[in-house]
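Spelled out, the chains give:
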Amino acid sequence: AHGCGGATRCNGHPQCRACLASIAAAVGHPQSSAVFNAMSVKARQAYERRFFDALEQTPECQVEATPPGLLRPAIDTAYFVPCLHDVGFLALMCEGQLYACFVDPLCRQCWGAVIGRTGGAYNVLNSSACGAVWDSEAFQSISCAAFPACSNAKLLCHSPEVNGVSTCSGCLTALQRGDAAAAVEQCPLGTVAQKLLDSAVVSCTASSQLGCEYWNRRCREVPACSRCLHSLTHGSDAYTTARELGGPACRAAVADGIAAEYLEAYARVCPSVTPCTAAVVEFWSSAPSLAVACLAGTA
């Protein structure tokens, strides 16, 4: 069981206790963890904004009033339902990360500009409000619904270099004009550019023909993934396609790190792949019973 010691220590400090109370009043905690975890993306974004606004607007939450070493552990315990009474609100990892950004003046300025933007997120990240801080650890570690993942990935890709290594600007430009083949060729497998481009495609494409073509080509660069993909795309129907994931070619792909990553991306994005197929890819190694149920038509 996880203890609530962080919240207990915070409540013993008047300013820290007042900060927690202010956050709780601002976010309005859900009635249950089930309701909290089932929030839509828009609801989560609104919750995160109210949390950050409470930090900014509450005098007792400022670093000068409450030491971060006292408040951060209390916010981290808000993830655990048993601590709800002590903390007053529920949270995910996001809220702790937002607080870490809040206590960093430059990160705080950038995040405030991002969530309050009136223009595109890309322009905000590339503006003086964020400067060089947007690629700092404090900002990049934020895993929140309101985080502008697509714009962030594009900016990383278009940056002149990362740690002295050329990035994927040309590849992304090729992809944006619809040429997935050129994008894959210009950012070859195993390079920093390839990883940055993959991240941009993950963040910026949902179910689309261009995304499907990109992951198809990436998959075919990895022998284990290519063999599985060949068996999938030659199935006579959706059921046969799903059944092929239980065959030796796809079992080998799921057991291979990069092949499994590309196979899952392909299954999630390509319109021709059934939901069952994507579920099997996702669950085959972590929850095989769910995969088998899907193949059997019971899930």
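Everything that follows concerns the structure shown earlier in this document.
Residues numbered from 1 in each chain as written. Predicted model: local features only at pLDDT ≥ 70, side-chain atom pairs only at ≥ 80, totals over all residues. Heavy atoms only, no water.

Engineer: Would you explain the overall build of the protein in this entry?
Structural biologist: Counting its secondary structure elements, the protein contains 21 helices and two strands. When the 299 residues of the protein are sorted by exposure, 44% land in the buried category. For the protein, the share of sequence-separated contacts (at least 6 apart) that also reach a separation of at least 24 residues comes to 60%. Surface exposure of the protein reaches about 14,200 Å², of which carbon and sulfur atoms provide 55%. (Helix = DSSP H or I, 4+ residues; strand = E, 2+ residues; numbered from the N terminus. Buried < 20%, exposed > 50% of the residue type's maximum accessible area, 1.4 Å probe, protein only. Contact = heavy atoms within 4.5 Å. Areas by Shrake-Rupley, 256 points an atom, 1.4 Å probe, with all protein chains shown as cover.)

Engineer: What should I look at first to understand the pattern of salt bridges in this one?
Structural biologist: Pairs can form between side chains of opposite charge once their charged atoms are near each other. Applying the stated criterion across every chain yields a total of seven salt bridges. Among the salt bridges present, the one from glutamate 48 reaches arginine 44, with a minimum N-O distance of 3.3 Å. Of this pair, glutamate 48 and arginine 44 both sit in helix H4 (residues 41–57), four residues apart, which is roughly one turn of that helix. On the basis of relative accessibility, which here comes to 2%, the residue glutamate 48 falls in the buried class. (Salt bridge = Lys/Arg side-chain N within 4 Å of Asp/Glu carboxyl O.)

Engineer: Honestly, the packing of aromatic side chains in this entry has me stumped. Any pointers?
Structural biologist: Both the distance between ring centres and the angle between the ring planes are used here to describe each pair of aromatic rings. Taken as a whole and assessed by the stated rule, the structure comprises nine aromatic pairs. Centroid distance phenylalanine 52 to phenylalanine 102: 6.2 Å. Interplanar angle 90°. Geometry classified as edge-to-face. You can see phenylalanine 52 sitting in helix H4 and its partner phenylalanine 102 sitting in helix H7 (residues 93–102), a full 50 residues away along the chain. Seen in terms of ring centroids, tryptophan 215 and tyrosine 262 are 5.7 Å apart; in terms of plane orientation they differ by 40°. Their pairing is tilted. You can see tryptophan 215 sitting in helix H15 (residues 209–221) and its partner tyrosine 262 sitting in helix H19 (residues 257–269), a full 47 residues away along the chain. (Phe/Tyr/Trp six-rings, centres within 6.5 Å; stacked < 30°, edge-to-face > 60°.)

Engineer: Sorry, what's going on with the side chain of arginine 218 here?
Structural biologist: As for its position among the elements, arginine 218 is in helix H15. Assessed through its relative accessible area of 0%, arginine 218 is described here as buried. There is a polar contact of 2.6 Å between the side chain of arginine 218 and the backbone oxygen of cysteine 187. Reaching out from arginine 218, the side chain makes a polar contact with the side chain of aspartate 198 at a distance of 3.4 Å. (Polar contact = N/O pair within 3.5 Å; in protein donor to acceptor, adjacent residues only side chain to side chain.)

Engineer: Honestly, the packing of helix H14 (residues 192–204) against H15 in this entry has me stumped. Any pointers?
Structural biologist: Helix-helix packing: each pair is described by the crossing angle between the helix axes and the interaxial distance. Interaxial distance between H14 and H15 falls to 11 Å at its minimum, and their mutual angle equals 145°. In the packing of H14 onto H15, the handedness of the crossing is left-handed. Contact residues: H14 offers Gln194, Leu197, Asp198, Val201 and Val202, while H15 offers Tyr214, Trp215 and Arg218. Among the residues forming the contact of H14 with H15, the class breakdown is five nonpolar, one polar and two charged. (Axes fitted to C-alpha atoms, helices over the stretch in contact; angles between N-to-C directions. Left-handed = near helix turned anticlockwise from the far one by under 90°. Nonpolar A, V, L, I, M, F, W, Y, C, P; charged D, E, K, R; others polar.)

Engineer: Before we go on, may I ask you to explain the state of the cysteines in this structure?
Structural biologist: Here is the idea: a disulfide is a covalent bond, and it sits between the sulfur atoms of two cysteines. Enumeration over the complete set of coordinates arrives at 11 disulfides. Linked covalently through their sulfurs, cysteine 10 and cysteine 16 form a disulfide whose S-S length is 1.9 Å. The sign of the -105° torsion about the S-S bond sets the cysteine 10-cysteine 16 disulfide as left-handed. Cysteine 16 matches cysteine 10 in its accessibility class, with the two residues each being buried. (Disulfide = S-S within 2.5 Å.)

Engineer: Would you explain the nonpolar core in this entry?
Structural biologist: Soluble, globular proteins show a tendency: their nonpolar side chains are buried together. Among the nonpolar cores identified, the biggest contains 87 residues, and Ile23, Phe89, Trp111, Phe139 and Leu197 are the most heavily contacted of them. Residues contacting isoleucine 23, with those up to four places away along its chain left out, are Phe51, Ala54, Leu55, Cys61 and Phe89. (Core = buried A, V, L, I, M, F, W, Y, C linked by side-chain atoms within 4.5 Å.)

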